[in-house]
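Below, each chain spelled out in residue letters.
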Amino acid sequence: MRHGLEISCGGASVTVADLVALGELAERCGWDGVFLEDYLIHHAGDDPPTWDPWLVLGAVAGRTERVRLGTTVTALPRRRPAKLAREVLTLDHLSGGRAGVAVGVGDPADRGLAAFGEPTDLKTRAAMLDEGLDLLVALLGGDRVTHRGAHYRAEGVALRPASVQSPRVPVWVGGSTQARAVLRRAARADGIVPYKVTDTDSWSDFTADEVAALVAALPATRADGEPFDVAIGGRRRRADERAERAYLADLAAAGATWWLEYVPAGDPGAMRAAVARGPLR
């Protein structure tokens, strides 16, 4: 199981230079992946500073050699799939084949939807995600694509150059496993970034048994023949590191391929400290 960081893309005290430095530090400290949130307006604070993840990741790519780079999660319904595919392919070349992208329907609390006139109706966004996911996967695959749908069109176009990775840049699907559509969409891609909520809408960890059931419900391999990615996590490290290490070992045994540790926006020094302590292996 690989260990990645999910890092806030903004916040009152976080500069773009801070984010680039965190990405560089992550590689030095043994992390396997750096994944940024993707918001137009960050979710915390009033008019908070917010940074574009793809530009930040491009800068990180130039300062690293090994760590994987991507987003968790990009709201595909507020993006043009072709523009997103071009950005992802560019990052793949900048990084020498280390790019990935995770897409979802979008955070219901994302202020960047209504503020810029994007659809907020869940049914509409779900339909856009279903259609956009197929188009994004096809464009990242390098073939000539013709697509005529309710929301997007492509007329015999191929994006060149093709990705460094073969057969394409991996695509993950994020969302709540309470929505069965998330599993259906993920099965058409290369991985899943799942979460679950309780009946009180609070965060809840997956158990090892739940991860095993999730792994069993998804494809065994992705498009390149590697194990289908199941990226679990999305929260800060627990204070009891011994218990946390045992929990992560159980997740790995159940089939999780990634653990994603969250670094929330806050004091840059505290964010650096969280990255510098390295992964729990």
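Fair warning: this is a prediction, and the values are worked out from it, not measured in the lab.

Definitions and cut-offs
- Residues numbered from 1 in each chain as written.
- Predicted model: local features only at pLDDT ≥ 70, side-chain atom pairs only at ≥ 80, totals over all residues.
- Heavy atoms only, no water.
- Phe/Tyr/Trp six-rings, centres within 6.5 Å; stacked < 30°, edge-to-face > 60°.
- Helix = DSSP H or I, 4+ residues; strand = E, 2+ residues; numbered from the N terminus.
- Buried < 20%, exposed > 50% of the residue type's maximum accessible area, 1.4 Å probe, protein only.

1. Points about the packing of aromatic side chains
- Overall, the coordinates contain 4 aromatic pairs when judged by the stated rule.
- Note on Phe35 and Trp172: the rings are 5.5 Å apart at their centroids and 35 degrees apart in plane angle, and the pair reads as tilted. Taken together, the residues span a long stretch of sequence, with Phe35 in strand S2 (residues 33-36) and Trp172 in strand S8 (residues 171-176) at a distance of 137 residues.
- Exposure remark for Phe35: the relative accessible area of 4% places this residue in the buried category.
- Measuring from ring centre to ring centre gives 5.4 Å for Phe35 and Trp258, while their planes differ by 85 degrees; the resulting arrangement is edge-to-face. With a gap of 223 residues between them, Phe35 in strand S2 and Trp258 in strand S11 (residues 258-263) connect regions that are remote in the sequence.
- According to the relative accessible area criterion, Trp258 is buried, its value standing at 1%.
- Taken together, the aromatic side chains of Phe35, Trp172 and Trp258 make up a single cluster linked through ring pairs.

Nothing here speaks to function; it is geometry throughout.
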